[in-house]
Amino acid sequence: MAVLNIRRPGRLAAEIVCCVIAALVAIPLYWMVLSAVRPAGELASPKPWTLAPTLDSFKRVLDLNGFGRYFLNSTMVAVAVVVLSMLCSFLAAVALTRFRFRGRTVLLVMLLVAQMIPIEALTIPLYFMVQSFGDTVPAFGLNQLLPLIFVNLAFSLPFAIWMLRGFVAAVPGELEEAAALDGASRFRFTWQVLFPLVAPGLVATSVLSFIHAWNDFLLAQTLIYSDVDNRTLPQALRVFFQPDQPDWGGIMAGSTLMTIPVLIFFVFVQRHLVSGLSGAVKG
């Protein structure tokens, strides 16, 4: 009983801290939704409620010319980045964990270094690199979605590979030896045994890759600067940022609509997300 009495205050304090952190995270989201449903005359009000909610801001966003096209572009980019990052990071994690080859340690260090370079430092080199690619292959040039997909993929891979490496390393080598004794090839072991075992890690990395690609504005604005049809949803919301008088209601409504796909994606994968993140910490 004494042990229980000692543990309870500590557990209570941890729960209080978690509740405070959750409230700090939820308050900006609540204020975003509140500003989206407020009338234009109440946007500057400090009151955390409104007695006259309206959907006018959402109507302005949905009536935006080409909104459906922008939404589709963002969806295609995010889904492509998630699928490609899951495939490439899994294969790279297997290679870096299961095989011994010259330069393996250098590659691991390069993965860490790549995460330290800010995106802002690479936007100008990326612009000229994609511009030169477009002279040879127009589909990989400026104002196209393909280079945006591959650039987002390049920024998502280092963290995804490093995260999955822990999951692959946690699978004992004896399991592969047993599969080989049963006649399973390395290819079959990788896809039928190893792949399902690291699925929680793939889910965790897919969530992070999706959020990164879905919310990206800087890379999209750098690579797609003039073609209106290929713009993504974050770029479309720029029309509400007027220099003299920003439409904060439209901005908050657009941000709320952009949050919905992320929440839907999270609901579908949340069962495996916690185990995936905890497995990454253990690895």
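This section reports on the structure supplied with the text. (Residues numbered from 1 in each chain as written. Predicted model: local features only at pLDDT ≥ 70, side-chain atom pairs only at ≥ 80, totals over all residues. Heavy atoms only, no water.)

### Describing the overall build of the protein chain
Moving on, step 1. Counting secondary structure elements, the protein chain contains 12 helices and zero strands.
Moving on, step 2. In the protein chain, the succession of helices and strands from N to C terminus is α-α-α-α-α-α-α-α-α-α-α-α.
Moving on, step 3. In terms of overall dimensions, the protein chain has a C-alpha envelope of 75 × 70 × 30 Å along the principal axes.
Moving on, step 4. In the protein chain, which comprises 283 residues, the proportion classed as buried is 36%.
Moving on, step 5. Long-range pairs, those at least 24 residues apart, make up 70% of the contacts in the protein chain between residues at least 6 apart in sequence.
Moving on, step 6. Accessible area of the protein chain: about 16,800 Å², with a carbon and sulfur share of 70%.
Moving on, step 7. Here the protein chain contributes 19 positive and 15 negative side-chain charges, whose respective centroids are spaced 11 Å apart. (Helix = DSSP H or I, 4+ residues; strand = E, 2+ residues; numbered from the N terminus. Buried < 20%, exposed > 50% of the residue type's maximum accessible area, 1.4 Å probe, protein only. Contact = heavy atoms within 4.5 Å. Areas by Shrake-Rupley, 256 points an atom, 1.4 Å probe, with all protein chains shown as cover. Lys, Arg positive; Asp, Glu negative; His and termini not counted. Charge placed at Lys NZ, Arg CZ, Asp CG, Glu CD.)

### A few points about the packing of helix 3 (residues 67-98) against helix 8 (residues 186-197)
Moving on, step 1. Two elements in contact, helix 3 and helix 8, have axes separated by 12 Å at closest approach and are oriented at 95°. Considered as vectors, helix 3 and helix 8 are oriented roughly perpendicular to each other. Along the contact surface, helix 3 presents L87, F90, L91, V94 and R98, while helix 8 presents T190, W191, L194 and F195.
Moving on, step 2. Classifying every residue of the contact of helix 3 with helix 8 gives seven nonpolar, one polar and one charged. (Axes fitted to C-alpha atoms, helices over the stretch in contact; angles between N-to-C directions. Parallel < 35°, antiparallel > 145°, perpendicular 65-115°, else oblique. Nonpolar A, V, L, I, M, F, W, Y, C, P; charged D, E, K, R; others polar.)

### Observations concerning the nonpolar core
Here is a general trend for soluble globular proteins: nonpolar side chains tend to be buried in one another's company.
Moving on, step 1. Among the nonpolar cores identified, the biggest contains 36 residues, and L148, W214 and L223 are the most heavily contacted of them.
Moving on, step 2. In this structure, L223 is in contact with L126, Y127, V130, L142, N143, P147, L148 and V151, ignoring residues within four places of it in sequence.
Moving on, step 3. Listed in part, the 12 residues of the second largest apolar core include V94, V171, A179 and L202. (Core = buried A, V, L, I, M, F, W, Y, C linked by side-chain atoms within 4.5 Å.)

### Some thoughts on unusual backbone geometry
Moving on, step 1. The phi torsion at N143 lies on the positive side, around 65°, for a residue other than glycine.
Moving on, step 2. Tracing the backbone through its elements, the reader meets N143 in the loop between helix 5 (123-136) and helix 6 (145-170).
Moving on, step 3. You can call N143 buried: its relative accessible area is 11%.

### Considerations on helix 5
Moving on, step 1. In a regular helix each residue adds 1.5 Å, so 14 residues correspond to 20 Å; helix 5 covers 21 Å between its end C-alpha atoms and thus fits that length.
Moving on, step 2. Of the positions making up helix 5, those classed as buried are T123, L126, V130 and G134. With its buried residues spanning 75° around the axis, helix 5 presents them on a single face. Facing away from the buried side of helix 5 by over 90 degrees, the exposed positions are I124, D135 and T136.
Moving on, step 3. Looking at the packing, one finds that the buried side of helix 5 touches helix 6 and helix 10 (218-223). (Expected span 1.5 Å × (residues − 1). Arc of directions from axis to C-beta.)

### As for the packing of aromatic side chains
Moving on, step 1. All chains considered together, the criterion is met by 11 aromatic pairs.
Moving on, step 2. Here F71 and W214 contribute two aromatic rings whose centre-to-centre distance is 5.6 Å and whose plane-to-plane angle is 80°, an arrangement assigned as edge-to-face. Here W214 lies in helix 9 (residues 199-215) and F71 lies in helix 3, a separation of 143 residues in the sequence.
Moving on, step 3. Look at F71 and you get partly exposed, because its relative accessible area is 32%.
Moving on, step 4. A relative accessible area of 2% means that W214 is categorised as buried.
Moving on, step 5. Ring geometry for F187 and W191: centres 6.4 Å apart, planes at 55°, overall tilted. Within this pair, F187 and its partner W191 are both found in helix 8, separated by four residues, close to a single helical turn.
Moving on, step 6. Given the relative accessible area of 61%, F187 is considered exposed.
Moving on, step 7. Ring pairs connect the aromatic residues F71, F210, W214 and F265, which therefore count as one cluster.
Moving on, step 8. Seen from the ring of W31, R38 lies directly overhead, with NZ or CZ sitting 5.2 Å from the centre.
Moving on, step 9. For R165, the ring lying beneath its charged end belongs to W162, and the centroid distance is 5.4 Å. (Phe/Tyr/Trp six-rings, centres within 6.5 Å; stacked < 30°, edge-to-face > 60°. Lys NZ or Arg CZ within 6 Å of the ring centre and 35° of its normal.)

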